Amino acid sequence: MTPLLLAAAIASSLAGDRALQLLERDHVNIPEQITTCARRDPNALQDALQVRQISENPNLLLLTVFYDGCVCFAQNCPYWVFRVNRSAATKVLEGVGVDVKVIRGGNGVPDIDEVAHESAMLKNEVLYAYRNGSYQPSGAWRLRGRVSGGEDRKPVSVPVRFAPGASSARLFGTIGFEWGDVYTFHAFAGQTVEISTVQTEQTTLVGLHRGSRNEVLMSGRPVRLAVTGTYTITVDPAMDNGNYDSTYAFTLFIH
């Protein structure tokens, strides 16, 4: 496969067979799937392949294959972004989703917004920004469908912000089944973590995690940290209450 495959493709787009060859070469996750699908029904796969120029400087092409018959799974379909110049076609992003949007802002290179199904009611959204020659995640959220219509949205994780000179922060939110909250913070070996002034509508589990360490935080019971690094706190309901959400609040201390 020549690196000149996509040269001069900006104006004329890609011929389906040549684009599929490129995807077979550079589809990192499951390259054999592209090959299998192309052999099974090459015309259908080529017809499903869409090529769109999203930037001129740098020259970027967005390729999507929304073809449920073979390459998609759980409604999520693959997509790719390639940077094209006179001598090479370089993949700068690869992912799967039910929806891929090009978000334009100002005169810069557009962002890519990916939404993928996690389950029938839950989706994951990731925003990618173009930095140093490739697309990097710049934000991530979870989406939950409502029975009445519409969606709830929350960040995948929230960094804990302590006020200048403070060693505590008040954390609060709304949680439900498979709809918990996640916080991250940096701490040093020898410090202790503790929660207090807990207010909940239902029994709530507050967990502390780093690597293989997983333990429950309980009010008034400090936990000493063994290593320096980033820790995660999860907040989840103790049981499945169906569509019922509940609120919580507690104060996190680091000494």
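If you're wondering where the values come from, they're calculated on a predicted model, not measured in any experiment.

### Considering the confidence of the model for the protein chain
Okay, so step 1: Per-residue confidence for the protein chain gives a mean pLDDT of 85; residues scoring 70 or more make up 85%.
Okay, so step 2: Of the regions scoring below 50 in pLDDT, residues 1-15 engages in 33 contacts with residues more than four places distant in sequence or in other chains.

### Considering the sheet that holds strand β11 (residues 168-175)
Okay, so step 1: In spatial order, the strands read β11-β18-β13-β16; together these 4 strands make up an open sheet with antiparallel pairing. The open sheet is flanked by β11 and β16 (223-224), the only strands paired with a single partner.
Okay, so step 2: Bridge count for β11 against strand β18 (residues 246-254) is 8 bridges, and the pairing is antiparallel. Each residue of the ladder has a partner; that of Ala169, found in β18, is Leu252.

### Some words on the packing of aromatic side chains
Okay, so step 1: For the structure shown, the criterion picks out 3 aromatic pairs.
Okay, so step 2: Ring centres 5.2 Å apart and planes at 70° place the aromatic pair Tyr130 and Tyr135 in the edge-to-face group. Taken as a pair, Tyr130 and Tyr135 share a single burial class, namely buried.
Okay, so step 3: For the ring pair Phe185 and Tyr231, a centre distance of 5.8 Å and an interplane angle of 15° mean the geometry is stacked.

### Overview of the nonpolar core
Okay, so step 1: Core analysis: the biggest nonpolar cluster contains 21 residues, and Phe185, Leu208, Leu217, Ile233, Phe250 and Leu252 have the highest contact counts within it.
Okay, so step 2: With 4 residues, β18 is the single largest residue contributor to this core.
Okay, so step 3: Residue contacts for Leu208: discarding those within four places in its chain leaves Phe185, Arg213, Asn214, Glu215, Leu217, Val223, Leu225, Tyr231, Thr232 and Ile233.

Cut-offs used in this document
- Each chain carries its own residue numbering, running from 1 in the written order of its sequence.
- Owing to the predicted nature of the model, reporting of local features is limited to residues with pLDDT of at least 70; listing and counting of side-chain atom pairs is limited to 80 or more, with chain, interface and lining totals taken over all residues.
- Think of the side-chain values as coming from all heavy atoms in the structure, minus any hydrogens and water.
- One number per residue, pLDDT, summarises how confident the predictor is, and it ranges from 0 to 100.
- Whether two residues touch is decided by their heavy atoms; if any such pair falls within 4.5 Å, the residues are in contact.
- What makes two strands pair is DSSP finding at least two bridges between them.
- Runs of E in the DSSP output that reach at least two residues are strands. Runs of H or I that reach at least four are helices, and both are numbered from the N terminus.
- Two rings from Phe, Tyr or Trp (for Trp, the six-membered ring) form a pair when their centres are within 6.5 Å of each other. A pair whose planes differ by under 30 degrees is stacked, one over 60 is edge-to-face, and the rest are tilted.
- Buried residues are those whose accessible area, probed at 1.4 Å on protein chains only, stays under 20% of the maximum for their type, while exposed residues exceed 50% and partly exposed ones sit between those limits.
- Here, the term nonpolar core denotes a set of buried Ala, Val, Leu, Ile, Met, Phe, Trp, Tyr and Cys residues that are joined through side-chain atoms within 4.5 Å.

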